[in-house]
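Listed below, chain by chain, are the residues.
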Amino acid sequence: MTSPGRFVWMIPFGLAVTASIAGAYVRVGSDSEGAIGTIADRVLREPRPAVQRQLSQAPAWSSFQHRYGTWTASWNEATHTPHRAFGRAIPLTGFRDDATAVDRSVRDFVAQNAPLLGSAPQLALTDTHRAGNVWYVRYQQMVSGVPVLNADWEFRVAVNGNLMAFGADHYAVPTGLVTSPRIPLSVAREAAKRGLAFDAARDRVDGDRLYILPVNRGGATNFRLVYELHVITMDPRQSWYTLVDAANGEIVQRSSMLRHLMTGNVNATVHPLLPTDPLQTKPLRSATVNIGALAVNTDSLGNYSGASTGTVVVTSAFLGPYCNVDRCVSDVCPTGDGSFSKSTSSSPTNIAWLSTNSQQSERDAFYHVNRAHSYVKTLDPTYTANDYPLTTYTDLSDNCNAFWDFGTNSLSLLSAGSGCPNTASTADLVYHEYGHAVNDNLYVAHGRPQGLANQPLSEGLADVYDSYMIDNPVIGSGLFGPGTSLRTCLNTRQWPQDWNAVDPQETGEILAGAMWELRQSLGLATAGRLMHYAKYGLADDNDDGVAFNEYFVDVLVADDNNGNLSDGTPHYNQIVAAFNNHGIGTNYFIGIDVVADDQPNTGPFPVTATISYNGTFGGLDVTSPRLFYSINGAAFTSAPMFPTGNPDEYGAQVPAQASAVIRCYVRASTIDGGVKTQPAGAPGRYFSFIGGPFSTLLENDFDNDLGWTVGAAGDAATTGIWIRAVPVGSAVQPGADHSPNGTLCYVTGNALPDDPPAVNDVDGGKTTLTSSTFDATAGGLIRPVVSYWRWYSNNGGDNPGQDPWKVDISNNGGSTWTPVENTLETDQSWRRVMFSIKDYVTPTNNMKMRFVATDDLTFPSIVEAAVDDFALYAFPTSVGVDDHAPAAVFQLAPASPNPFRGSTQLVYSLASRGPVTLAVFDIQGRLVRSLVAGNQEAGRHSSNWDGRDAAGRPVANGPYFVRLAQQGARSSQAIVLMR
């Protein structure tokens, strides 16, 4: 459902559409990335453990549990009501297995629980539907007859009358809220066109609904009366979902209703399934044949029959009960559709669609759309929401694209060009797009006029529809030639570390990965049934993680066989395992807040974490919390964490050290095996703090200019150049600096608040930020440590994850530089980096650091970076340089992370000074990249490999070997690169 947090694409018209891998949206723009739009409010949010715990301890919930037994809830933190609640079955009074009785019994339950759900809410029934053995009952909150967006009431009732789940997003709308518009509908429709290329002769504005829109800002909720309108334009083809303030005509929200647009380049023709398949003659099912005045439809084998007398005219076109193909020329549709006509008295009269009476695109589109329709009817024979002639446009005058347009309820398939085939002939694209049609139409049929609004959930489910239909996890097989593809459902993507603020397709792979694991464990038939029937729960939310987790719960509901979720479901273990492996199962409900502060003493150093469980199933394994820590770059070791006596708090200690840079992370598990780490992505990501009696030599929060400079030889960036400013938040850039009491930081350019993410990001080359000179030997202190906080994003645009973030250090005023960071991995959070200078160079009084963000013209992406709170620490001379340091040995430590996507760190130690080599080899033993070659001192060293060869080209996914060699000694280990 559209709501204040739904992301908004604002497309500047008149810009060229680029040929790129297909997305759920049109990639438009003059920026090299070809990206579009503004994502105004799409943010990564997770339940706040403290707030969830507070709501779970409220008197109304305690009273409810006293009355009905043990129930658990995940709370809507804006309304303070249960967003989803589950527990022991509650028999409903007056229940009968019919829609009217179910509605009455649920309303009785609501009235009996007014302290929890809200006093006398005005509820309009939007859907009472039985799917399988579950009644799905939904209401919309109303105020003076006007529906409230996001105020959805959900109930799951078994056919035996047991209430097993419910949710009530009840907004406390102020008394006296104006529910009559101050501007007429005609004015609102004019306002909805604002900023769009609108041609009154062919474009239009539809809709007339009024809604009350809750707007949550800064913890407070305000309410606006809005018109819901649909703006439909033909050049370019777009459908805009638009909310216009009914008081002043302001556009409150605008989002594209094009559910999907695929782009790409391929030079092969496609036929029944793969682009390389030979043409085959296939029967056309569900085609309408007119025998005189009698219209009949073909069966699954393409056969038809109908009574006739004498000579009749038999006609047909690419039209049937489930598909209507319209051929387009220069975007004029229909134009010269394929047709068949024959006057005959003989039987049989066979209709052969050939190049003489039709185009290849028409034949393929009709065949594949009807196959996709047949699949959903196989899953659910009672499903009728897609039983209509779906308008399917072919040969539109763009290329490398295909999309489902929810606004006009049509499927658009584009002509060949730019090295791409006609997308009507690409079966994988048609099935994916039809999956979008099923998602939206099912939601609309059961009370959601906005369809499935959460785009990552919609993208993931469309991929699952496609992969289940052909029983192959690969999406877009052969699209760019033999062996190529777009993506795969067979993946290891996890929430939240693989969340992508710009690309909902990539985020959707998280859910698709869970569902393909479910197909592997349960078989295609059972997984397909659960995939489809879970949609009747209408999972949807502005927060992608919440939407994924709602769908997880609805899969369990669809799997239930006795109306009691508290005792599990027939396939509970397999479902939970599949979703936990991708971070959106029961482990999603684990909340971990870690406290790992700098500690100016010799230790031991306590680390605490508040670990809570806000889930609806399972629970926290209270014996599972563990602290993992690394001292001065050594391998991670772990220690159990025990309750401290404070609510939900666990603690452990890092052993005493005279001087240490400590890295750590915390891990906890659910009782059913779900694992969560904080930070997500550990051990590749971690918290850092300094331990020992350190002194502060330098602190810079950048609120004052301390002489840092922007620009260096070789800088070529044309936009996104470093500035010292208050960052303007976007989907890829922080909305505030890191300093608790500061305002400024260094950031790679600022755009206006409503600009798309690709405006003023780094483009055209690199931009360099260099520190002023600092003294790492001041005051006679030793073992200086550098600390800084950084933000880095490069996973948006046409070539995500290809542009490096680099940090270097110099001990001779910038004459030479030594790498500290070189990574391709996005981390859209303020992350602390801390290291001992001696691990890289000898400390001097002439130190500098530089920070380089790059948008390589060869691999353009949306790149943003920020730096804040630079500091320098050191220890007194009473702390020996080698205190608590192990004796030097020849050793190659485990790579971290491994497997890896962006880059992996290789830490090694040498027993003595001498020539050393560190190199990467492929599995055939061929040299891929030499990382180190030369003399080095004894002790600890590190290097990074970014997945590129010696020429700087990205290498293929798969296993590689790293080999460390010095004076006859060798150490090797395997690493795995994943894209």
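Everything below is about the structure shown above.
This text gives an overview of the structure that appears in the document. Counting restarts for each chain: residues are numbered from 1 in the order of the written sequence. pLDDT decides what is reported in this predicted model: residues at 70 or higher carry local features, side-chain atom pairs at 80 or more are listed and counted, and totals for whole chains, interfaces and linings draw on all residues regardless. With hydrogens and water set aside, each side-chain value is computed from the structure's full complement of heavy atoms.

**Notes on the packing of aromatic side chains**
Any two of the Phe, Tyr and Trp rings considered here, Trp counted by its six-membered ring, make a pair once their centres fall within 6.5 Å; the pair's planes then place it as stacked at under 30 degrees, edge-to-face at over 60, or tilted in between. A full pass over the atoms with the stated rule returns 42 aromatic pairs. Taken together, the ring pairs connect Phe702, Trp708, Trp722, Tyr746, Phe774, Tyr788, Tyr792, Trp805, Phe851 and Phe870 into an aromatic cluster. We count a charge as sitting over a ring when the NZ of a lysine or the CZ of an arginine lies within 6 Å of the ring centre and within 35 degrees of the ring normal. Its guanidinium or amino end placed over the ring of Trp516, Arg519 lies 5.8 Å from that ring's centre, counting from NZ or CZ. Here Arg963 stacks its cationic end above the ring of Phe921, 4.6 Å away from the centre of that ring.

**A word on the environment of Ala547**
The way it works is that DSSP assigns letters per residue, a run of H or I at least four long becomes a helix, a run of E at least two long becomes a strand, and they are numbered from the N terminus. Along the chain, Ala547 turns up in helix α11 (residues 544-559). Residue classification places Ala547 among the buried residues on the basis of a relative accessible area of 0%. The residues contacting Ala547, other than those within four sequence positions of it, are Asn454, Leu457, Ala539, Asp540 and Asp541. Only protein chains enter the accessibility calculation, which uses a 1.4 Å probe; a residue is then buried when its area is under 20% of its type maximum, exposed when over 50%, and partly exposed in between. Contacts are residue-level and defined by heavy atoms, with any inter-residue pair within 4.5 Å sufficient.

**With respect to the sheet that holds strand β44 (residues 927-936)**
We call two strands paired when DSSP finds no fewer than two bridges between them. The strand order β44-β43-β46-β47 describes an open sheet built from four strands, whose pairing is antiparallel. Two strands bound the open sheet, and with one partner strand each, they are β44 and β47 (969-977). Across the sheet, the mean angle separating the axes of adjacent strands is 15° when strand polarity is ignored. As paired elements, strand β46 (residues 958-966) and β47 share nine bridges and run antiparallel to each other. Along β47, the bridge assignment pairs Phe961 with Ala974. Axis definition: a line fit to C-alpha positions, over the contact stretch in the case of helices; interaxial angles, taken between N-to-C directions, run 0 to 180 degrees.

**Overview of unusual backbone geometry**
Trans is the prevailing form of peptide bonds, just as negative phi is the prevailing case for residues other than glycine. The residue after Trp495, namely Pro496, is reached through a cis peptide bond having omega 0°. Mapped onto the fold, Pro496 is located in the loop between β20 (487-488) and α9 (504-522). Cis geometry is adopted by the peptide bond preceding Pro897, which originates at Ser896 and carries an omega value of -5°. Relative to the helices and strands, Pro897 is located in the loop between β41 (891-892) and β42 (904-910). Located in the positive-phi region is Asn409, a residue other than glycine, with phi close to 55°. Topologically, Asn409 is positioned in the loop between β17 (402-405) and β18 (410-415).

**A short note on the sheet that holds strand β45 (residues 939-945)**
The antiparallel open sheet is built from three strands, whose spatial order is β41-β42-β45. Each end of this open sheet is capped by a strand with a single partner; those strands are β41 and β45. With seven bridges connecting them, β42 and β45 associate as antiparallel partners. Residue pairing in the sheet places Leu910 in a bridge with Gly939 of β45.

**Quick look at the pairing of strand β27 (residues 660-669)**
With respect to burial, β27 is a largely interior element, nine of its 10 residues being buried. Note: strand β23 (residues 626-631) against β27, six bridges, orientation antiparallel. Bridged to Leu627 within β27 is Val666. As paired strands, β27 and strand β29 (residues 687-691) are joined by five bridges and run antiparallel to one another.

**Remarks on the nonpolar core**
Put simply, buried Ala, Val, Leu, Ile, Met, Phe, Trp, Tyr and Cys residues joined by side-chain atoms within 4.5 Å make one nonpolar core. The biggest cluster of nonpolar side chains holds 128 residues, and the ones touching the most others in it are Leu457, Tyr551 and Phe579. The element contributing the most residues to this core is α11, with 10 residues. Sequence-distant contacts of Leu457, defined by excluding residues within four places in its chain, comprise Tyr443, Leu452, Leu511, Ala539, Asp540, Ala547, Phe548 and Tyr551. Core analysis: the next-biggest nonpolar cluster, separate from the first, contains 30 residues, Phe702, Trp722, Ala776 and Val841 among them.

**Quick notes on the side chain of Ser787**
By the element assignment, Ser787 lies in strand β35 (residues 782-796). Residue classification places Ser787 among the buried residues on the basis of a relative accessible area of 1%. Think of a polar contact as two N or O atoms within 3.5 Å of one another; within protein, one of them needs to be a possible hydrogen donor and the other a possible acceptor, and neighboring residues in sequence only count if both atoms come from side chains. Of note is the side chain of Ser787, whose polar atom sits 2.8 Å from the side chain of Arg832. If sequence neighbours within four positions are ignored, Ser787 has contacts with Arg832, Val833, Met834, Asp869, Phe870, Ala871 and Tyr873.

**Looking at the pattern of salt bridges**
A pairing counts as a salt bridge when a side-chain nitrogen of Lys or Arg comes within 4 Å of a carboxyl oxygen of Asp or Glu. Tallied over the entire structure, the rule returns 38 salt bridges. With its nearest N and O atoms 2.7 Å apart, the salt bridge here joins Asp471 to Arg519. Separated by 48 residues along the polypeptide, Asp471 in the loop between α8 (455-470) and β19 (474-475) and Arg519 in helix α9 bring together distant segments of the chain. Of the residues examined, Arg519 reaches a relative accessible area of 17% and is grouped as buried. Of the charged contacts, one joins Asp839 and Lys838 as a salt bridge, the two residues approaching to 3.5 Å between their closest N and O atoms. When its relative accessible area of 41% is taken as the criterion, Lys838 is described as partly exposed. Through salt bridges with shared partners, a single ionic network connects Asp127, Arg138, Asp152, Glu154, Arg156, Arg448 and Asp554.

**Regarding the state of the cysteines**
Whenever a pair of cysteine sulfur atoms sits within 2.5 Å, that pair is classed as a disulfide. The final tally for this structure, using the stated rule, is one disulfide. The disulfide partner of Cys328 is Cys333, and the gap between their sulfur atoms is 1.9 Å. Judged by the sign of its S-S torsion, about 115°, the bond between Cys328 and Cys333 is right-handed. Classification of Cys328 by relative accessible area gives buried; the value is 3%. Given the relative accessible area of 27%, Cys333 is considered partly exposed.

**Re the packing of α8 against α9**
Packing of α8 against α9 brings their axes to within 7 Å, and their N-to-C directions diverge by 45°. The angle between α8 and α9 falls in the class oblique. As α8 packs across α9, the resulting crossing turns out to be right-handed. Contact residues: α8 offers Gln455, Pro456, Leu457, Glu459, Gly460, Leu461, Asp463, Val464, Ser467 and Tyr468, while α9 offers Pro504, Gln505, Thr507, Gly508, Leu511, Ala512, Met515, Trp516, Leu518 and Arg519. Angles are sorted into four bins: roughly parallel if under 35 degrees, roughly antiparallel if over 145, roughly perpendicular if 65 to 115, and oblique for all others. If you view the pair so one helix is near and one far, a crossing is left-handed when the near helix is turned anticlockwise from the far one by less than a right angle, and right-handed when it is turned clockwise.

**Notes on the side chain of Arg832**
Here Arg832 shows up in strand β38 (residues 827-836). Beyond its immediate chain neighbours, meaning those up to four positions away, Arg832 contacts Asp598, Ser688, Phe689, Ser787, Tyr788, Trp789 and Tyr873.

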